[in-house]
Amino acid sequence: PLVVQRLAQAGVPATFFLLARNVRGNEDLVGDICSKGHEIGSHGDEHVHHLWSWPWAGLVDTRAAWRRLHDLTGLDAPRIPFRPPYGQMNLLSLLWVLWHGTPITLWTHDSYDTRLGVELTPEALVDSLRRDGGGVVLLHDFDRSIPNADKQVLAKLDAVLRLREEGFVFLRVGELLASVRSA
C-alpha cells in the first residue's frame, strides 16, 4: 500500500508483478493497484525457481498464477507480462510461456533490496539510471528479512521518482513493449 500511495502522489504508473499466492486475502490491494491505473504482471504462484526444480514445475506454477490472477482481475492472464522468479526459466517453461504469447519481462537495474550483505544506495541506483538513460528498475515489497526493508525500498523509490524532474518518463511494461514494437 505504501508503494501504491507513493506512486499515486507522484502520478507515476507502474507494473506490479504479483505472486499469486499473496493475492488471496489481499484482493482489495490488487483492486487498488488496478484502480490507480497500474498494470498487473505475474511473478508465478509459489516463486518456483524454474532452473532448480523439475522441468515441469515452473510451467505448473506459472499456470496456477495465471488462473488465480484471471479469477481476480478478469485479465487474459497468459497475455499479461511475466517476470520469472530469479529471472530464470528452463527450456520447457520458456517455450510454454512463449507459445502462449506471454511477454517475458526482466530488469536492467536491480535495487538489491532483497540481498543481505549487498548495499546499493538510492543515489547509486539513480546514478546508474542516469548513466544508462533509463531502464527497468526492480524493487520488491517489504516482506524481507533485511532490517528496515520498508524504509530502504521507499528511499530507493523516492530517489527514482525524482528523476521525473530531470525529464525521465515512466511507463508500464505493456506501454514499454508497445513502444518498442512500434519503433
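All values reported here derive from a predicted model rather than from experimental measurement.

Student: Mind laying out the overall build of the protein, listing which residues take part and the relevant values?
Tutor: Counting its secondary structure elements, the protein contains seven helices and four strands. Taking 2.2 N^0.38 as the reference for a compact globule, 183 residues should give roughly 16 Å; the C-alpha atoms of the protein span a radius of gyration of 16 Å, in line with that estimate. For the protein, the C-alpha atoms occupy an extent of roughly 45 × 40 × 35 Å along the three principal directions. Counting every position in the protein, which comprises 183 residues, the buried fraction comes to 40%.

Student: Requested: an account of the pairing of strand 1 (residues 15-18), with residues and values cited.
Tutor: Here strand 1 shows two buried faces, one formed by T15 and F17 and the other by F16 and L18. Looking at chain direction, strand 1 and strand 2 (residues 39-42) are connected through four bridges and run parallel. Note that in strand 2 the partner of F17 across the bridge is G41. Crossover handedness for the path strand 1 to helix 2 (residues 27-35) to strand 2: right-handed.

Student: Can you lay out a nonpolar patch on the surface for me, pointing to particular residues and giving the numbers?
Tutor: A surface patch of nonpolar side chains, about 460 Å² in accessible area, is lined by W54, W56, V60 and L92. Inspection of the secondary structure assignment puts W56 in the loop between strand 2 and helix 3 (57-73).

Student: Summarise the packing of aromatic side chains; cite the residues concerned and give the values.
Tutor: In the structure shown here, the tally under the stated rule is two aromatic pairs. Here W54 and W56 contribute two aromatic rings whose centre-to-centre distance is 5.4 Å and whose plane-to-plane angle is 10 degrees, an arrangement assigned as stacked. Between W66 and W96, the ring centres sit 4.9 Å apart and the planes meet at 15 degrees, which makes this aromatic pair stacked. Of this pair, W66 sits in helix 3 while W96 sits in helix 4 (residues 91-99); the two residues are 30 residues apart in sequence, bridging distant segments of the chain. The exposure class assigned to W96 is buried, which follows from its relative accessible area of 17%.

Student: Report on the side chain of K156, specifying residues and quantitative values.
Tutor: Secondary-structure assignment places K156 in helix 6 (residues 149-161). It turns out K156 is buried and unbridged, and the closest side chain with the opposite charge, D113, is 6.2 Å from it. Polar side-chain contacts of K156 include one of 2.5 Å to the backbone oxygen of S111.

Student: Explain the nonpolar core to me, using residue names and the numbers behind them.
Tutor: In terms of nonpolar packing, the biggest core is built from 18 residues, with L7, F16, L18, I40 and L69 touching the most fellow members. If you list the elements that add at least two residues to this core, you get helix 1 (2-10), strand 1, helix 2, helix 3 and helix 6. If sequence neighbours within four positions are ignored, F16 has contacts with V3, V4, L7, I33, H38, E39, I40 and G41. Among the nonpolar cores identified, the runner-up in size contains seven residues, and L59, W66, F82 and V97 belong to it.

Student: An account of the packing of helix 5 (residues 122-132) against helix 6 is needed here, citing residue identities and associated values.
Tutor: Following both chains from N to C, one finds helix 5 and helix 6 inclined at 35 degrees, their axes separated by 9 Å at the closest point. Crossing of helix 5 over helix 6 shows right-handed handedness. Here P122, L125, V126 and L129 of helix 5 come into contact with helix 6, specifically with A155, K156, A159 and V160. By residue class, the composition of the contact of helix 5 with helix 6 is seven nonpolar, no polar and one charged.

Rules of the game
- Residues numbered from 1 in each chain as written.
- Predicted model: local features only at pLDDT ≥ 70, side-chain atom pairs only at ≥ 80, totals over all residues.
- Heavy atoms only, no water.
- Helix = DSSP H or I, 4+ residues; strand = E, 2+ residues; numbered from the N terminus.
- Rg over C-alpha atoms; globule rule 2.2 N^0.38 Å.
- Buried < 20%, exposed > 50% of the residue type's maximum accessible area, 1.4 Å probe, protein only.
- Pairing = 2+ DSSP bridges.
- Right-handed = clockwise from strand over helix to strand, strands pointing away.
- Patch = residues over 30% accessible without salt bridge, like charges linked within 9 Å, V, L, I, M, F, W, Y side chains within 5 Å.
- Areas by Shrake-Rupley, 256 points an atom, 1.4 Å probe, with all protein chains shown as cover.
- Salt bridge = Lys/Arg side-chain N within 4 Å of Asp/Glu carboxyl O.
- Phe/Tyr/Trp six-rings, centres within 6.5 Å; stacked < 30°, edge-to-face > 60°.
- Lys, Arg positive; Asp, Glu negative; His and termini not counted.
- Polar contact = N/O pair within 3.5 Å; in protein donor to acceptor, adjacent residues only side chain to side chain.
- Core = buried A, V, L, I, M, F, W, Y, C linked by side-chain atoms within 4.5 Å.
- Contact = heavy atoms within 4.5 Å.
- Axes fitted to C-alpha atoms, helices over the stretch in contact; angles between N-to-C directions.
- Left-handed = near helix turned anticlockwise from the far one by under 90°.
- Nonpolar A, V, L, I, M, F, W, Y, C, P; charged D, E, K, R; others polar.

Coordinates in, geometry out; function isn't part of it.
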